[in-house]
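Here is what each chain is made of, one letter per residue.
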Amino acid sequence: MAKIPLGGIKILEGRSCLTSFSRSEDRILPGMCQRLSLDQINVSLLNHLEGNQERDCVASFCTDEGNALSAYFLLKPDQGHAVKMQSDASILSIFPYNGMAEIAGAMIRLLACLDMRPYALASSISAISVVVPSSDVEVLIDGLFDEFEFPGYRSIVDWYAAYEGRERLLNQIICSYR
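Thresholds, definitions, all that
Starting from 1, residues in each chain are numbered consecutively following that chain's sequence as written. Only residues with pLDDT of at least 70 get local features here, since the model is predicted, and only at 80 or more are side-chain atom pairs given and counted; chain-wide, interface and lining totals rely on the full set of residues. Excluded from the side-chain calculations are hydrogens and water; all other atoms, namely the structure's heavy atoms, are used. The cut-offs for exposure are 20% and 50% of the maximum accessible area for each residue type, with area from a 1.4 Å probe on protein chains only; residues under the lower value are buried, those over the upper are exposed, and the others partly exposed. In DSSP terms, a helix is any run of H or I states spanning at least four residues, a strand is any run of E spanning at least two, and both are numbered starting from the N terminus. The arc in question is the one spanned by the directions pointing from the helix axis to the C-beta atoms. The criterion used for residue contact is that any of the two residues' heavy atoms lie within 4.5 Å. Pairs of N or O atoms are called polar contacts if they sit within 3.5 Å, as long as, within protein, a hydrogen donor faces a hydrogen acceptor (for residues adjacent in sequence, only side-chain-to-side-chain pairs). The definition of a nonpolar core used throughout is a set of buried Ala, Val, Leu, Ile, Met, Phe, Trp, Tyr and Cys residues joined through side-chain atoms within 4.5 Å. Put simply, two rings from Phe, Tyr or Trp (the six-membered ring, in Trp's case) pair if the centres are within 6.5 Å, and we call them stacked under 30 degrees between planes, edge-to-face over 60, tilted for the rest. Pairing between two strands is assigned when DSSP locates at least 2 bridges connecting them. Confidence scores labelled pLDDT are given residue by residue by the predictor and lie between 0 and 100. When the sulfur atoms of two cysteines come within 2.5 Å, that pair is taken as a disulfide.

Below, the discussion takes up helix α2 (residues 65-74). Taken residue by residue, α2 has Ala 68, Ala 71, Tyr 72 and Leu 74 as its buried positions. Projection of α2 onto a plane perpendicular to its axis shows the buried side chains occupying an angular sector of 150°, all on one side. Within α2, the exposed residues directed more than 90 degrees away from the buried face are Gly 66, Leu 69 and Phe 73. Its buried side turned inward, α2 meets β2 (8-22), α1 (28-38), β4 (57-64) and β5 (82-95).

This next bit is on the side chain of Thr 63. The topology assignment puts Thr 63 in strand β4. In this structure Thr 63 comes out as buried when scored by relative accessible area, which is 0%. Engagement of the side chain of Thr 63 in a polar contact is seen with the backbone oxygen of Asn 42, the distance being 2.8 Å. What Thr 63 contacts, discounting residues up to four positions off in sequence, is Gly 14, Arg 15, Ser 16, Leu 18, Ile 41, Asn 42, Ser 44 and Ala 68.

One finds Ile 9, Leu 92, Ile 94, Leu 144 and Phe 148 to be the most contacted residues of the largest nonpolar core, which totals 25 residues. Top contributing element to this core by residue count: helix α3 (residues 101-113), with 6 residues. Contact partners of Leu 144, with chain neighbours within four places excluded, come to Ile 9, Leu 92, Ile 94, Met 107, Leu 110 and Phe 150. Leu 18, Ile 28, Ile 41 and Leu 75 belong to the second largest nonpolar core, which has 13 residues in total.

Attention now moves to the side chain of Ser 93. Topologically, Ser 93 is positioned in strand β5. Look at Ser 93 and you get buried, because its relative accessible area is 14%. A distance of 2.6 Å separates a polar atom in the side chain of Ser 93 from a polar atom in the side chain of Ser 129. Excluding its chain neighbours within four sequence positions, the residues that come into contact with Ser 93 are Gly 8, Ile 9, Lys 10, Ile 128 and Ser 129.

With that settled, consider the packing of aromatic side chains. For the structure on display, the rule yields 2 aromatic pairs. When the centroid spacing of 5.4 Å and the interplanar angle of 80° are considered together, the rings of Tyr 72 and Phe 73 count as edge-to-face. Between Phe 145 and Phe 150 the ring centres are 4.8 Å apart and the planes differ by 45°, which places this aromatic pair in the tilted class. For Phe 145, a relative accessible area of 11% corresponds to the buried category. Taking the relative accessible area as the measure of exposure, Phe 150 reaches 3% and is therefore buried.

With that settled, consider the pairing of β4. Of all 8 residues that make up β4, 6 are buried, and the element is covered over most of its length. In this structure, β2 lies alongside β4, joined through 8 bridges in antiparallel fashion. Within the sheet, the bridge partner assigned to Ser 20 lies in β4 and is Ala 59.

What follows is about the confidence of the model for the protein chain. Confidence in the prediction of the protein chain, expressed as mean pLDDT, is 83, and 84% of residues score 70 or more. Taken together, the stretch residues 169-178 has pLDDT below 50 and engages in 13 contacts with residues farther than four places along the chain or on a different chain.

Let us now look at the state of the cysteines. Every disulfide links exactly two cysteines, by a covalent bond between their sulfur atoms. Going through the model one piece at a time under the given rule, you end up with 0 disulfides. Considering cysteine sulfurs only, Cys 17 is the nearest to Cys 62, which forms no disulfide, with 4.2 Å between them.

With that settled, the discussion passes to the environment of Met 107. Within the secondary structure, Met 107 is located in helix α3. When sequence neighbours within four positions are dropped, the list of residues in contact with Met 107 reads Leu 92, Ile 94, Ile 128, Val 130, Leu 144 and Phe 148.

What follows is the structure, encoded as structure tokens:
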């Protein structure tokens, strides 16, 4: 099977992933976003699944590890819903996505083959992002090079060489906006 060509990989490390579960009749997203914004907590990724009579409402987001405890206490169960926090997480994004089902399918198949349970999975028009434990990132990157082709890098070694040393710069570019 031919590898699917992609443009690149981005990694955002040092994240915590918080997930909030609520009864289906509750609308947790507006209140959650309001509390986070009032405390000026930046969110790196936001997912939301609206509930109905058969399932609960679920919202998850990532934030810098330094803000994770504050965010957790802002969303504490006394607000009427359960909150789960996963520390030491990383967001790995592949691009361009352009809504291509074969890219999403290959990513999900790869996660299943690697027996990885992501904390969150999200897509935009330009990228697919997956939130995984930081300890799983290297294995996931290796797997990406088995499934996808990255024309800018001849091998995984070339990608690591280009990425190394730029982590702090990428973090400042991606996450410094308030």
